[in-house]
Amino acid sequence: MAGGEIGYRCLGANRVEITIGLFSDCGATSQQVYTSVDVNFSSNSCGWLGVQTLPLINGGGVEVSTGPYPVCGVSSCQGGTAYGIRKYVYQGVLQLQGACTDWLVSCELLNRNTVVTSLVSPQDYSLHLEAGFDNQNFPNDSSTVFANPAVLLSCVNDGLFYDPLYTDAAADSVRALLIPSQGIPGPGQPLTNVPYAIGYSPSLPFQTTAGFQFDPVSGIFSGQPAIQEGATVACRFERYRNGSLAGFVVREVQVLIALTCNRPPALSTATIDAMNCGDTSLVLHFAMPLRCNSVATDGSDFRLLGPDGQPLPITGATAMNCSNGLFTDLELQLFQPLITNGNLRLWCKTGSDANTLLNSCGDAQGEGDTLFITLSDCFTGVPRLLNVSVTDPEDGWQAVWEKPAGLDHQQFSAYTVYRNDGPGTDYQPIATITQPDDTVYLDPDPRVADHPIRYAVDLRTNTGFQSARTDSLQTIFLNCTELADSLHIDLEWTAYHGWPATYEVVQIDSSGVPFVIAGSSTTDTVYRYEKPDRNGTYQLRIRTANSGQPVLVSWSNSCRFEVRNTAVVVSTVMTPNNDGRNDNFFVRNLEQYPGSRLRIFDRWGKTVYESGDYRNDWDGGKLQGDTYFYILQVADNRSTEKRGTLTLLR
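Below is a short write-up of the structure. (Residues numbered from 1 in each chain as written. Predicted model: local features only at pLDDT ≥ 70, side-chain atom pairs only at ≥ 80, totals over all residues. Heavy atoms only, no water.)

**Observations concerning the state of the cysteines**
- Counting across every chain of the model gives 6 disulfides.
- One disulfide in the model links Cys292 with Cys322; its S-S distance is 2.0 Å. Negative torsions about the S-S bond denote left-handed disulfides, and the value of about -130 degrees found for Cys292 with Cys322 makes this one left-handed. With Cys292 in the loop between strand 21 (281–291) and strand 22 (302–305) and Cys322 in the loop between strand 23 (314–320) and strand 24 (326–334), this pair connects stretches of sequence that are 30 residues apart. (Disulfide = S-S within 2.5 Å. Helix = DSSP H or I, 4+ residues; strand = E, 2+ residues; numbered from the N terminus.)

So, in structure tokens, the structure goes:
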């Protein structure tokens, strides 16, 4: 006998249905199948006792599960050699003599299983089961019912866990107790505790690496078995109602601990060789041998998702080092190299060969079994765009960026420079640079005065990685408007975002010498510029410099203008005699300044002549020869005013 359980159900009128579950090892040499079982029932308080035979109700028994590990091959219950357990159920109705508070029902099942090594000579003792109930106070009571069989197959160093999964129809409070295994050494012998082997006890029914745990509420027991052995765990389940004991049952569970267990292939427990960025294959190591012929060579047994959730196609699978038709190492070939850091998900599917992976016993890997893989050594840097500027001379633009930290020159492939010519246009690649330390690009284009330009940069590695583009930067674009007074130019430019910008207005003279206009430093993007007095051709540009290292300067395009100031010279003598010399009041170069105003006064301050747009055409009129005074207001960009004396000779 491998294990057993007993239960009852009060039917009223002192009738009780008794059910006994006997679990038998199909492979035991001394297996005995009862066609019926005798049960003893008694009440000390009432002084009644009796014996009744319960018949086998399910024919030849039903094979039951022995736990989470499937048997390898055909079980002994089906004519094979693998571990197998059948459950036999015996049931009948007892007609009790009356209602008593302490009815006890018991049976003795002979031929304990000899695989149990935690007991001394277990085959010499019966397996004792008993139940107690009170049909006086609880005439319609029923015992606890168990869903899981009273057998368990586990293995050394595995996490053993057994849950009886009991239910109680009356929702009573249930307490589980570990008790000694009991039995009788022979017919007519008194009931006794079966002796435990040295080092074993009811609270330590098998050897563990970290102790035996038992939960008195659920009846769950667990532990990590340390050695190969057979053991038995005896439990008494007591039911309490309103503080009073309503009934109990005794149950004995056989635990067989094998050296190894048959496990279906498990991808989640496989290990994987260390992965490197750029790898095009994965090598898996399984804990147990698998069948070589269960591998779909096209890789369809597996699916792989990258960190971004996108599929990474698997193109092939190879069982490595097959021996006797079995392997533990598997290589998966990938369609493209691994180039993105993060967590990858590998899971199994039914492949083109109509199965998942199979272990040596033919048990299949469950679909969806998943292994999480982490890739962390791929380069993920992005260049940093430092500066963009109009070049000097103004024949194009310049972009400067910083090489990202950690860039392996052996993996570097190229930078790509992108340009955007303004609203409504896309970024277009304009240059490919194949040296990792070459981080300056000159964009030759004479249209620097047409519009501002935006630039961005990315990089590629030879592993297939392509970085994100840098943040873009736009060049400074300067627009100049000359005012009507001819003295000032209004400057307006686009903001620069390479750093917190302070701008300066730079004047460049005809010889190319730059000069920062005093007081022009501003964080604004407008400035009113006053022209110089000196004749010449000038340029204006805006510049801004960063405050860190390396020192960077961004320049705008330029505005060009000319200063052509011609001095006026006043003749101070007039001889209006029609000889063609000094006949008129003559101001040299005045024709360049139309709108100039002239007034002539005599010595007493009386205005004798006035013109709002003098054209060198006054001949003195009828004035007598004398000394006169003039005021000339020149219509130049300075509003120059000339004053002096005029001698008129007749």
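**Considerations on the side chain of Thr470**
- Structurally, the position occupied by Thr470 is in the loop between strand 32 (454–461) and strand 33 (473–474).
- Not counting residues within four places of it along the chain, the set of residues in contact with Thr470 comprises Val382, Pro383, Arg384, Leu385, Ala456 and Val457. (Contact = heavy atoms within 4.5 Å.)

**A closer look at the sheet that holds strand 30 (residues 428–433)**
- Judged by pairing direction, the sheet is antiparallel, and its 4 strands sit side by side in the order 30-29-32-33 without closing on themselves. Edge positions in the sheet fall to strand 30 and strand 33, since each of these pairs with one other strand and no more.
- In terms of strand pairing, strand 32 meets strand 33 through 2 bridges, oriented antiparallel. Looking at the pairing, Arg454 lines up with Gln474 of strand 33. (Pairing = 2+ DSSP bridges.)

**Structural notes on the sheet that holds strand 40 (residues 553–563)**
- One open sheet accounts for 4 strands, arranged 37-36-39-40; its pairing is antiparallel. A single partner strand is all that each edge strand has here, and the edge strands are strand 37 (514–516) and strand 40. Strand-to-strand, the axes of this sheet are offset by a mean angle of 25 degrees, without reference to chain direction.
- Relative to strand 40, strand 39 (residues 536–545) runs antiparallel, the two sharing 9 bridges. Paired with Tyr538 across the strands is Phe561, a residue of strand 40. (Axes fitted to C-alpha atoms, helices over the stretch in contact; angles between N-to-C directions.)

**So, the side chain of Thr416**
- In this structure, Thr416 sits in strand 29 (residues 412–420).
- Engagement of the side chain of Thr416 in a polar contact is seen with the side chain of Arg460, the distance being 3.1 Å.
- In this structure Thr416 touches Pro429, Ala431, Thr432, Ala456, Val457, Asp458 and Arg460, once residues within four positions along its chain are discounted. (Polar contact = N/O pair within 3.5 Å; in protein donor to acceptor, adjacent residues only side chain to side chain.)

**Comments concerning the pairing of strand 3 (residues 36–43)**
- Only one face of strand 3 is covered, namely the one carrying Val37, Val39, Phe41 and Ser43; the face carrying Ser36, Asp38, Asn40 and Ser42 has none of its residues buried.
- Bridging between strand 3 and strand 4 (residues 48–55) involves 8 bridges; their strand directions are antiparallel. Counted as the bridge partner of Ser43 is Trp48 from strand 4.
- Linking strand 3 back to strand 4 in an antiparallel pair, the connection comprises 4 residues, with Gly47 at a positive phi of about 75 degrees.
- Pairing between strand 3 and strand 7 (residues 103–109): 4 bridges, direction antiparallel. Its bridge partner lying in strand 7, Ser42 is registered against Leu104. (Buried < 20%, exposed > 50% of the residue type's maximum accessible area, 1.4 Å probe, protein only.)

**Some points on the packing of aromatic side chains**
- Within the structure shown, the criterion is met by 20 aromatic pairs.
- Within the aromatic cluster, the residues linked to one another by ring pairs are Phe585, Tyr609, Tyr614, Trp618 and Tyr630.
- Over the ring of Phe248 we find Arg236; its NZ or CZ atom is 3.7 Å from the centre of that ring.
- In this structure, Arg469 packs its charged tip against the face of Tyr418, placed 4.1 Å from the ring centre. (Phe/Tyr/Trp six-rings, centres within 6.5 Å; stacked < 30°, edge-to-face > 60°. Lys NZ or Arg CZ within 6 Å of the ring centre and 35° of its normal.)

**Overview of the pairing of strand 10 (residues 151–155)**
- With 5 of 5 residues buried, strand 10 lies mostly within the body of the structure.
- Of the two faces of strand 10, the one carrying Val151, Leu153 and Cys155 and the one carrying Leu152 and Ser154 are both buried.
- Bridging between strand 10 and strand 19 (residues 244–258) involves 5 bridges; their strand directions are parallel. Opposite Leu153, over in strand 19, you have Leu256 as the bridge partner.

**Here's the deal with the pattern of salt bridges**
- One pass over the structure, following the stated rule, counts 25 salt bridges.
- Among the salt bridges present, the one from Glu17 reaches Arg9, with a minimum N-O distance of 3.3 Å.
- Residue class for Arg9 comes out partly exposed when judged on its relative accessible area of 39%.
- Of the charged contacts in the structure, one is a salt bridge between Glu482 and Lys531, with a shortest N-O distance of 2.1 Å. Taken together, the positions of Glu482 in strand 34 (residues 478–482) and Lys531 in the loop between strand 38 (526–530) and strand 39 put the pair 49 residues apart, joining distant regions of the chain.
- Given the relative accessible area of 46%, Glu482 is considered partly exposed.
- Each member of the salt-bridge network shares a partner with another, and the members are Asp141, Asp168, Asp172, Arg239 and Arg241. (Salt bridge = Lys/Arg side-chain N within 4 Å of Asp/Glu carboxyl O.)

**Observations regarding unusual backbone geometry**
- Here the bond from Gln549 into Pro550 is cis, since omega is -5 degrees, no more than 30 degrees from zero.
- Tracing the backbone shows Pro550 in the loop between strand 39 and strand 40.
- If you check the backbone angles, Asn14 has positive phi at about 60 degrees while not being a glycine.
- In this structure Asn14 comes out as partly exposed when scored by relative accessible area, which is 25%.
- In this structure, Asn589 takes a positive phi of about 70 degrees despite not being glycine.
- Following the sequence through the fold, Asn589 ends up in the loop between strand 43 (587–588) and strand 44 (597–601).
- Judged by relative accessible area, Asn589 falls into the buried class, the value being 18%.

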